[in-house]
Structure formats: structure tokens, C-alpha cells
Amino acid sequence: MIKRPLIVANWKMYVNTPEEAKKFTSSLRRKARSFGGVDVVIAPSFTLLPLVAAALKGSSVKVSAQSVSVFETGAHTGEVAAAMVKSFGASYSIVGHSERRAQGETLEMVRAQIKHAAAAGLVTILCIGESERDQAGAYFTTIVEQLRSALSEFKKDSTPKLVVAYEPVWAIGKSAADAMKGPELREMSIFIKKTLAEHFERKAAMRTPILYGGSVEASNARALLEEGDVAGFLVGHASAEVESFVEILKAVKK
Ligand code: PGA
């Protein structure tokens, strides 16, 4: 059964100027009625975050950072802390995206970000995912390792401010044809729920939304949502243009 789908636009470094961001947000607001019933979050770059938050104020669309610093405050040149993005109107932060893990972000750094995001009152969108799949199923070990490590930052008896985004690295940045298929996704979604239930109380585990990311486009969104047993998507390239993003919102709405 599909509840209100949650769709997060991960702009990465695709939407880069104030003009592009303004065009996107004003168009999104104009089209808002066409995707009623869908929870939408936009994750712009740090530089565009204040602008996007201001432009979406008063709408139902929420804002996320793409990452936060592993530090809380102080002498850390070039860093942006969780509390800083919160003060500019973000209510979420993506943490541990594979593109950042590939840059050297470790399990420990992911935990530090979760800690600061939670302290700042942000919901963590935790990205997990294997680089490749093997016959023997070793990729499940990667998932468990990433998940358990991150979960250690959340109290067992809590209702965590957490969204899990399962993004197999091999499916990212391609086209709908290369995305994961529904039945495989369902298997992973069940596995993630089981792992969450080993940490949290059952109710809290079941309430934690699991998103899928990796080449989600309007053409595969509906099937992935229904067959994959996920709560929504983390969308990369198809979120860079408002038209293709809104098509996804419409596809999951029905
Ligand atoms: P993609 O990116 O939709 O371009 O595959 C998803 C992501 O990396 O979050």
C-alpha cells in the first residue's frame, strides 16, 4: 500500500545559478496543484540553499542540504555545519551519498554528520548502497555494515528523524532502463526494514521511510514505487529540470 510518497530532488551540482534556482522554484510553486498528495523536498547546493528556502517559504515543499560538516563549529575552513543549514531553513540533510563516500567519507564521518544533523533538528536522509552486485550476495554485507554503523547514532527506543535512501551505485546517473527493477528493489526494501527492526522498536522501524535512488525517471517511477515497496525516491539527474521532476511527481501521485 502506498502512503504519501516522499520525493527528494538531489540537485547535486546540476542547478548552479540563482537564476536557474529561481526559475525552478517559481515553476514548481505554479505546478503545485498537479502533485498534491506528494511530499517534496529539494536539496540544492549550500550556496543556493537560502535562496531556495526563501523562495519555497509558505509552500509545502521542504528543503534539504546535500551534506553537512562532520564538525559542529570552529576552525574548519570551508565547512558548513548542520546548524547553519538549519538556520537558513533546511529541515533535512542528505548524509553519506555515494558520491561523497567515493571522495573519502568514512563510516565514522557519516556518523558524525548524523550526530550534528540530529542535534540541529534536521532529518537525516541516509544514503546506503553497494557498488556492485555479485552472485553470492556479498552486497548485503555492505548494506548491513553501512546501516548498522549509522544506526548506532540513534537511540534504540526513539522514533528517529531518519529516512533511508537505498541507492545502488551501479544504478546511479544512467537512464530508466538501467535502474533497478521492482522485484529486486522489494527484496532489498524488506532486508533494510528487517535491519532497522533489529535496532529500533518495530513500530519505529516500520515507520522509517525507505527511498530508492538510481536513475529514477517519470517512465519507471510508478512501477518502482508499487513493485519495489518503497516510500519514494531520491532523484538526481531527472530533478535538474523542473519539467522532468514534476513528471515524476505526477507519476507517483496517481
Ligand atoms: P540519478 O542520481 O537519479 O541521477 O541516478 C540519484 C542520486 O545519486 O541521488
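This one's a predicted model, so the numbers in the text were calculated from it and none came from an experiment.

1. Things to note about the side chain of Ser67
Residue placement: Ser67 occurs in the loop between strand 3 (62-65) and helix 3 (82-87). Polar contacts involving the side chain of Ser67 include one to the side chain of Arg100, which spans 3.2 Å. Looking at Ser67, its side chain comes within polar contact range of the side chain of Gln113, at 3.3 Å. Residues contacting Ser67, with those up to four places away along its chain left out, are Phe46, Ser93, Ile94, Arg100, Glu105 and Gln113.

2. With respect to the side chain of Ser69
Here Ser69 shows up in the loop between strand 3 and helix 3. What makes Ser69 buried here is its relative accessible area of 3%. Within the structure, the side chain of Ser69 is placed 2.9 Å from the backbone nitrogen of Phe71, a separation counted as a polar contact. Not counting chain neighbours up to four residues away, the residues in contact with Ser69 comprise Glu79, Val80, Ala81, Gln113 and His116.

3. Some remarks on the site of the ligand
If you check the shell around the ligand, you find Asn10, Lys12, His97, Glu167, Ile172, Gly173, Gly214, Ser215, Leu234, Val235, Gly236 and His237 and nothing else. Lys12 is positioned with one of its side-chain polar atoms (N or O) 2.7 Å from an oxygen atom of the ligand. Separating an oxygen atom of the ligand from a side-chain N or O atom of His97 is a distance of 2.8 Å. Summarising the interface, the protein chains cover 100% of the accessible area of the ligand, which totals 280 Å² for the free molecule. Comparing atom positions with the cavity grids shows the ligand to sit within the largest cavity. Counted by class, the shell around the ligand contains three nonpolar, seven polar and two charged residues.

4. With respect to empty space enclosed by the protein
Throughout the structure, instances matching the rule amount to one cavity of 30 Å³ or more. Volume-wise, the largest cavity comes out at about 100 Å³. If you trace the largest cavity, you find 15 residues lining it, with Lys12, Ile172, Gly214, Ser215 and Gly236 closest to the centre. Taken together, the residues that form the lining of the largest cavity break down as five nonpolar, eight polar and two charged.

5. Some words on the environment of Ile42
In this structure, Ile42 sits in strand 2 (residues 39-43). Taking the C-alpha atoms as reference points, Ile42 and Glu217, 175 residues apart in sequence, are found 16 Å from one another. Once residues within four sequence positions are removed from consideration, Ile42 is found in contact with Ala9, Trp11, Phe24, Leu28, Val52, Leu56, Val61, Lys62, Val63, Ser64 and Phe245.

6. Some points on the pairing of strand 3
Sheet topology places strand 2 next to strand 3; two bridges connect them, and they run parallel. Across the sheet, residue Val41 finds its bridge partner in strand 3, namely Lys62. Pairing between strand 3 and strand 4 (residues 92-95): two bridges, direction parallel. From the neighbouring strand, Ser64 faces strand 4, where its bridge partner is Tyr92.

7. Section: the nonpolar core
In terms of nonpolar packing, the biggest core is built from 71 residues, with Leu28, Ile42, Ile192, Tyr212, Phe233 and Phe245 touching the most fellow members. In contact with Ile192, not counting residues within four places along its chain, are Ile128, Ile143, Leu147, Val164, Tyr166 and Ile210. If you look at the next biggest cluster of nonpolar residues, it comprises 13 residues, including Val41, Ala43, Val163 and Ala165.

8. Examining the packing of helix 1 (residues 18-30) against helix 10 (residues 242-253)
Each packed pair of helices is defined by two parameters, the angle between the axes and the distance between the axes. Across the interface, helix 1 lies against helix 10 with an axial gap of 10 Å and an inter-helix angle of 35°. Crossing angle aside, the handedness with which helix 1 passes helix 10 is right-handed. Counted together, Phe24, Ser27 and Leu28 of helix 1 and Val242, Phe245, Val246 and Leu249 of helix 10 form the full contact between these two elements. Among the residues making up the contact of helix 1 with helix 10, the classes are represented as six nonpolar, one polar and no charged.

9. What about the sheet that holds strand 3?
Hydrogen bonds between backbone atoms are what pair the strands of a sheet, whose relative direction is either parallel or antiparallel. With parallel pairing, the eight strands of this closed barrel are ordered in space as 1-2-3-4-5-6-7-8. For this sheet, the mean angle separating the axes of adjacent strands, direction not counted, is 25°. Sheet topology note: the strand 5 (residues 123-128)/strand 6 (residues 162-166) ladder contains five bridges and is parallel. Its bridge partner being in strand 6, Ile128 is matched across the sheet by Tyr166. Relative to strand 5, helix 6 (residues 139-151) is tilted by about 160°, and along the sheet it contacts strand 5 and strand 6.

Parameters and conventions
- Residues numbered from 1 in each chain as written.
- Predicted model: local features only at pLDDT ≥ 70, side-chain atom pairs only at ≥ 80, totals over all residues.
- Heavy atoms only, no water.
- Helix = DSSP H or I, 4+ residues; strand = E, 2+ residues; numbered from the N terminus.
- Polar contact = N/O pair within 3.5 Å; in protein donor to acceptor, adjacent residues only side chain to side chain.
- Contact = heavy atoms within 4.5 Å.
- Buried < 20%, exposed > 50% of the residue type's maximum accessible area, 1.4 Å probe, protein only.
- Near = heavy atom within 4 Å.
- Areas by Shrake-Rupley, 256 points an atom, 1.4 Å probe, with all protein chains shown as cover.
- 1 Å grid on protein atoms, 1.4 Å probe; cavity = no way out; pocket = protein on both sides within 12 Å on 5 of 7 lines; lining within 4 Å.
- Sits in = over half its atoms within 2 Å of the grid points.
- Nonpolar A, V, L, I, M, F, W, Y, C, P; charged D, E, K, R; others polar.
- Points joined across faces, edges and corners; volume = space filled by probe spheres on them.
- Pairing = 2+ DSSP bridges.
- Core = buried A, V, L, I, M, F, W, Y, C linked by side-chain atoms within 4.5 Å.
- Axes fitted to C-alpha atoms, helices over the stretch in contact; angles between N-to-C directions.
- Left-handed = near helix turned anticlockwise from the far one by under 90°.

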